[in-house]
Amino acid sequence: MSLIDTLQDLVGQVPDVVQSLIVAAAGAIPFIEGEGGVVIGIIGGIPPVVAAIAAMAGNFLSVAVLVLLSSSARDAVVTRRREKVLARDGMPAGSDSTPAAAPAERSDGSRSAARRAKFQHAYERYGVPGVSLLGPLLLPTHFTATMLAASGVGKTRILIWQALAIIAWTTLTALIASGVMNAVG
């Protein structure tokens, strides 16, 4: 039995109060996200609006945590590299005269390298709004948001655009799923 089947069965077996929590948890899982979470909720019998809000909340909360962690990790790496360069050049630690070195790029030929290349191409072409809004067609929002943070994009900007993307895609999916369920039922 797949994870999605398990979640759908679980939604149908628990009290109403817990159903939304399961949908939110599903929305927090990469590749399921808000879009899959809302479908799980609607098929499980949750009203579409409740399922959409729960799926959006779960998806956004997990993305927000990842953005905050990634941004903090990037800041720590950049600060450490800056301090190394300054120490090597004999400059005081608080000096801003030397720009931070960019993190080293890996080219290991792995799937992650292919994802980074796909992301970089989309980022150069569409910017933060485009990558955020079109990102779910290429990569999960979790990966897109993390890569944006690792690239040095501001946390607030990432979170605003990711929130808009999550709302848009989850709403569209909820409308489609509830329309299909109404047509079938």
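Everything here concerns the structure above.
Quantities reported herein were computed from a predicted structural model and do not represent experimental measurements. (Residues numbered from 1 in each chain as written. Predicted model: local features only at pLDDT ≥ 70, side-chain atom pairs only at ≥ 80, totals over all residues. Heavy atoms only, no water.)

Visitor: Describe the packing of helix 4 (residues 48-88) against helix 7 (residues 155-184), naming the residues involved and giving the relevant values.
Guide: Running from N to C, helix 4 and helix 7 point in directions that differ by 155°, and their axes come no closer than 9 Å. Taken together, helix 4 and helix 7 sit at an angle that is classed as roughly antiparallel. Crossing geometry of helix 4 relative to helix 7 is assigned as right-handed. Between helix 4, through P48, A52, A55, M56, N59, F60, V63, A64, V67, L68 and S71, and helix 7, the contact on the second element is made entirely by K155, I158, L159, Q162, A163, I166, I167, T170, T171, A174 and S178. (Axes fitted to C-alpha atoms, helices over the stretch in contact; angles between N-to-C directions. Helix = DSSP H or I, 4+ residues; strand = E, 2+ residues; numbered from the N terminus. Parallel < 35°, antiparallel > 145°, perpendicular 65-115°, else oblique. Left-handed = near helix turned anticlockwise from the far one by under 90°. Contact = heavy atoms within 4.5 Å.)

Visitor: Run through the nonpolar core, naming residues and quoting values.
Guide: The biggest cluster of nonpolar side chains holds 35 residues, and the ones touching the most others in it are V38 and I158. For this core, the elements supplying multiple residues, two or more each, are helix 1 (3-13), helix 2 (16-27), helix 3 (33-43), helix 4, helix 5 (111-138), helix 6 (141-150) and helix 7. The contact partners of I158, leaving out residues within four places of it in the chain, are V67, A145, L148, A149 and V153. (Core = buried A, V, L, I, M, F, W, Y, C linked by side-chain atoms within 4.5 Å. Buried < 20%, exposed > 50% of the residue type's maximum accessible area, 1.4 Å probe, protein only.)

Visitor: A description of the side chain of N59 should follow, citing residues and the corresponding values.
Guide: Positionally, N59 belongs in helix 4. A polar contact is formed between the side chain of N59 and the side chain of T141, at a distance of 3.3 Å. Ignoring sequence-local partners within four residues, the contact set of N59 consists of A24, G27, A28, E33, G34, E35, T141, H142 and I166. (Polar contact = N/O pair within 3.5 Å; in protein donor to acceptor, adjacent residues only side chain to side chain.)

So, to be careful, I would describe these as geometric facts and stop short of saying anything about function.
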